[in-house]
Amino acid sequence: MNEYIKIKNARIHNLKGIDVEIPKNKLTVITGISGSGKSSLAFDTLYEEGKRRYLMFSGTQFMIDSAPMFDRISGLSPTVAVEQRIIRQSNPRSTVGTRTKISNMLAMLFATAGERDNKYDDGQPLSVEMFQRNSPKGMCVKCLGTGIVKRLDEEKLFADMSLKIEDVALGLGKRGSTKKMLDSFYKYHNLLPTQKLATLTAEQLFYLQYGDNGKSAFMGFVPWITHITNGAFSISGRLEDLLTDAGYMSRCSCPKCSGTGLGEQASHTLIMGKTVAELEKLYIKDLCIFLSNAAFRQTPLLAEILAKLNCMVDVGLHHLALSRPVPTLSGGEIQRLFLASYIIAEMDSIIFIFDEPTIGLHAVEKAQLIQILKNLVDRGNTVITVEHDETFMRSADYIIDLGPNAGIYGGERIFQGSFDEFLRCSHSNTAPYLSSDSLFTIKRTYKPINAQKILRIENACLHNLQNVSASIPLGLLVGVAGVSGSGKSSLIADTLVPKLKEILNTKCVMDEEDDETAYEVDTVAISGTEYIKKCLVIDQKPIGRSRTSCPATYTGMFDRIRTLFAKASGLPAGLFTVNSQGGCKLCKGDGELHYHVGFGNFINLECEACGGTGFVPAALEVIVDGKTIRDVLSLTVDEAAAFFKDKDKPIENMLTTLLRVGMGYITLGQKTPTISGGESQRIKLAKELAKGQNAKDTVYILDEPTTGLAFHDSLRLMELMQELVDKGNTVIVTEHDPYVLSNCDYLIEMGIGGGSEGGNIIATGNPSELRTNNNSIIGRYLK
């Protein structure tokens with residue numbers, strides 16, 4: 001039996017023909033600075049080959065016949081991988097409960113043990129489907145299981161009678177299928193698209209609004225908009241976004257089901273006084289306690305539910321609820337969700353590959369996760385993690401370090417062996433930070449608080465917040481700490497940000513999605529905003545909404561890049577983008593064709609029509625300084641900075657800023673689904689900083705900005721945050737990293753636990769004060 005997984009001459013992406021040995025039945029960490037090739041080795045080489053071998057023996061029709069990017073891999077077992085980017089592939093209606101199947105099991109429990117209100121007993125026996133939102137028997141008939149109803153303000157939509165018919169609903173009637181149907185309406189009723197609403201008779205206006213009973217092909221603006229915004233043709237929600245921004249449409253909780261999405265039977269069937277929706281809203285730890293004290297007969301079904309819930313508590317997900325949407329989870333949370341299912345399955349002889357599973361965990365919680373992964377190893381499995389966390393590396397059996405730097409300057413195997421040996425590796429860019437704290441600059445003098453400039457939050461009660469009042473000193477680097485689920489995000493992202501948006505309006509810059517999902521915080525009082533000129537909320541949500549979006553498109557560089565190609569060739573700029581005439585017609589500019597091969601797995605095959613470029617041949621015939629448009633998009637930020645030097649000042653400026661936030665290793669055309677949450681946040685930060693609006697009195701709100709960064713890159717980002725503060729701005733950062741928190745001027749610590757045990761401020765002050773504060777948990781981990 002092979003004791004090692006042996007990889008010979010791995011050369012995908014930036015890997016430079018490296019040979020690697022990974023011991024089986026051990027915990028191995030692959031580390032190195034950001035962009036050094038860690039994911040290329042772990043996921044694109046090891047996991048992809050494991051998947052290819054599975055497909056080869058499963059009889060699937062989808063086989064990859066391209067040449068492998070290595071010479072040989074031996075000792076490979078069945079391989080399971082959980083990457084951060086899997087979160088971006090989630091169904092928007094998927095929840096923690098549906099993903100873990102616990103919601104299905106609760107539905108079974110209610111169908112067998114639920115007590116139905118006699119007023120709603122229709123004589124039909126309770127069934128599992130009655131407790132499932134996605135089932136016709138279980139969904140609310142008004143909101144169809146979503147818990148949300150969309151309201152179109154019909155009066156406002158037709159308030160301006162000077163509008164032309166074709167301009168109603170933001171010009172919806174000027175394009176696509178709406179135009180075709182309206183042409184039929186115009187013809188039947190002898191109208192013109194340029195006619196003003198004021199010229200219509202009352203009957204004609206009614207028909208335009210609600211339809212003419214099939215006399216023409218148009219069903220009326222109100223039914224048609226309702227049809228589109230309910231997802232009849234697309235889930236993109238573009239029209240809904242436009243109508244909402246214009247004030248024509250709003251979203252609110254469904255009045256019939258009170259936002260649960262469930263029908264009348266589920267809403268009036270109880271177990272120990274609670275409905276299934278109420279149980280799904282409990283924190284997992286509280287749900288565990290509730291079901292453990294259940295008065296009804298203990299059954300194998302109940303035992304299985306409790307086993308799953310206890311596993312989720314063990315992996316640090318006690319603060320979640322089953323109703324929590326999967327797309328709102330962090331990369332670390334989604335991995336621990338999968339980890340819980342693997343533990344329950346009690347599998348052995350498997351290779352598990354994780355991508356920074358400690359993301360989002362407090363220092364006190366990491367030890368428990370490490371022990372769980374070691375238990376997987378004890379069962380006879382091999383666990384491989386891509387990690388930067390110091391505690392994790394110190395606990396590993398084996399270390400592989402890649403480098404020495406990022407992109408084309410990385411891809412070499414610097415070290416493989418034990419942790420103790422690694423500390424003595426002189427040519428590693430990671431080992432020196434582990435062997436000595438001297439490379440970290442720890443702040444010992446803190447910027448004084450200006451008592452006149454305090455941002456004050458009072459009566460915060462959202463989620464688990466216990467009527468919290470908090471003072472945030474402005475002009476400082478402020479850290480918000482606490483264990484998972486202690487209320488950090490509830491206080492900052494879900495309470496402070498919506499209030500700042502409400503008061504500052506357009507001066508509070510945030511993602512459109514965040515604006516739509518803002519919570520109601522009317523009871524919260526806030527003061528001190530008169531000292532804030534602007535607020536920038538920079539979170540970890542994906543950049544762009546389509547698979548063809550990338551850093552170049554998000555930052556605005558791509559518009560200038562394709563203009564350069566258009567000027568050089570005399571051809572239209574649209575030829576140099578995959579989203580217009582330059583895109584391959586077969587793969588829609590993606591460069592790949594995607595096929596489902598079962599069990600939630602997909603295989604991606606290179607598009608034969610474009611050779612994987614995503615462009616039509618005519619676009620690739622144009623050369624600028626030796627490179628095609630595809631070549632330029634394949635450049636890393638490091639390489640692009642050299643290529644565009646003295647060619648275009650705004651592009652140069654953007655690239656320089658990306659380098660400053662530690663993003664020199666990503667390519668300009670890297671697809672959005674492959675970009676982690678931490679990387680997305682740093683790209684957003686760079687986009688804002690490149691605008692040159694670093695005037696004082698701006699508040700920057702960041703969520704774990706060092707996620708996914710090696711020690712060297714974290715230091716660069718911390719220097720940038722300090723630079724913003726030195727210019728008279730405020731940086732509020734939610735963090736777990738002790739090094740980042742130790743360099744803050746002021747800390748707010750939430751706790752004492754997560755979920756129902758959190759929601760209070762347990763300590764405030766500078767890091768020096770928290771080190772000696774007995775109430776503080778993070779204080780003992782500060783440097």
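Anything mentioned here points back to the structure above.
All figures in this text were calculated on a predicted structure; none of them were measured in a lab.

A.B. asks: Looking at this model, I keep getting lost on the packing of aromatic side chains. Mind explaining?
C.D. replies: Going through the model one piece at a time under the given rule, you end up with 13 aromatic pairs. An angle of 65° between the planes, with centres 6.3 Å apart, marks the rings of Phe158 and Phe221 as edge-to-face. Here Phe221 lies in helix α8 (residues 221-229) and Phe158 lies in the loop between α4 (154-157) and α5 (168-171), a separation of 63 residues in the sequence. Of the aromatic side chains, those joined through ring pairs into one cluster are Phe158, Phe185, Phe218 and Phe221.

A.B. asks: What exactly am I supposed to notice about the sheet that holds strand β18 (residues 525-527) here?
C.D. replies: Hydrogen bonds between backbone atoms are what pair the strands of a sheet, whose relative direction is either parallel or antiparallel. Strand order in this open sheet of three strands is β15-β14-β18, and the pairing throughout is antiparallel. With one partner strand each, in any of the chains shown, β15 (468-473) and β18 form the two edges of the open sheet. Geometrically, the sheet is characterised by an average inter-axis angle of 10° between neighbouring strands, direction not taken into account. Across three bridges, the pairing between strand β14 (residues 454-460) and β18 is antiparallel. Across the sheet, Glu458 pairs through a bridge with Ala525, a residue of β18.

A.B. asks: Got a minute to help me understand the packing of helix α27 (residues 677-689) against helix α28 (residues 711-726) in this structure?
C.D. replies: When two helices pack together, their arrangement is given by the angle between the helix axes and the distance between those axes. It is at 13 Å that the axes of α27 and α28 come closest, and there the two elements cross at 40°. Considering the relative orientation of α27 and α28, their crossing is left-handed. Along its contact with α27, which presents Arg682, Leu685 and Leu689, the element α28 presents Leu717, Leu720 and Leu724. By residue class, the composition of the contact of α27 with α28 is five nonpolar, no polar and one charged.

A.B. asks: Where do I start with the layout of surface pockets in this structure?
C.D. replies: One water molecule sets the probe size; rolling that probe over the atoms shows where empty space is left. Each pocket or cavity is described by its volume, and for the second largest pocket that value is around 550 Å³. Along the wall of the second largest pocket there are 31 residues; nearest its centre are Lys366, Asp389, Glu390, Asp737 and Pro738. At the level of elements, α15 (363-378), α16 (390-395), α28 and α29 (738-742) are the ones that each hand at least two residues to the lining of the second largest pocket. With four residues, α28 is the single largest residue contributor to the lining of the second largest pocket. Residues of the lining of the second largest pocket, tallied by class, amount to 12 nonpolar, nine polar and 10 charged.

A.B. asks: Would you mind going over the state of the cysteines with me for this structure?
C.D. replies: Disulfides are covalent bonds that connect the sulfur atoms of two cysteines. Under the counting rule described, the total for this entry stands at zero disulfides. Cys550 carries a free sulfur, and the closest cysteine sulfur to it, the one in Cys587, is 15 Å from it. Among the cysteines around Cys744, which has no disulfide bond, Cys535 carries the closest sulfur, lying 17 Å off. Judged by relative accessible area, which is 0%, Cys744 ranks as buried.

Reading guide: rules and limits
Residues numbered from 1 in each chain as written. Predicted model: local features only at pLDDT ≥ 70, side-chain atom pairs only at ≥ 80, totals over all residues. Heavy atoms only, no water. Phe/Tyr/Trp six-rings, centres within 6.5 Å; stacked < 30°, edge-to-face > 60°. Helix = DSSP H or I, 4+ residues; strand = E, 2+ residues; numbered from the N terminus. Pairing = 2+ DSSP bridges. Axes fitted to C-alpha atoms, helices over the stretch in contact; angles between N-to-C directions. Left-handed = near helix turned anticlockwise from the far one by under 90°. Contact = heavy atoms within 4.5 Å. Nonpolar A, V, L, I, M, F, W, Y, C, P; charged D, E, K, R; others polar. 1 Å grid on protein atoms, 1.4 Å probe; cavity = no way out; pocket = protein on both sides within 12 Å on 5 of 7 lines; lining within 4 Å. Points joined across faces, edges and corners; volume = space filled by probe spheres on them. Disulfide = S-S within 2.5 Å. Buried < 20%, exposed > 50% of the residue type's maximum accessible area, 1.4 Å probe, protein only.

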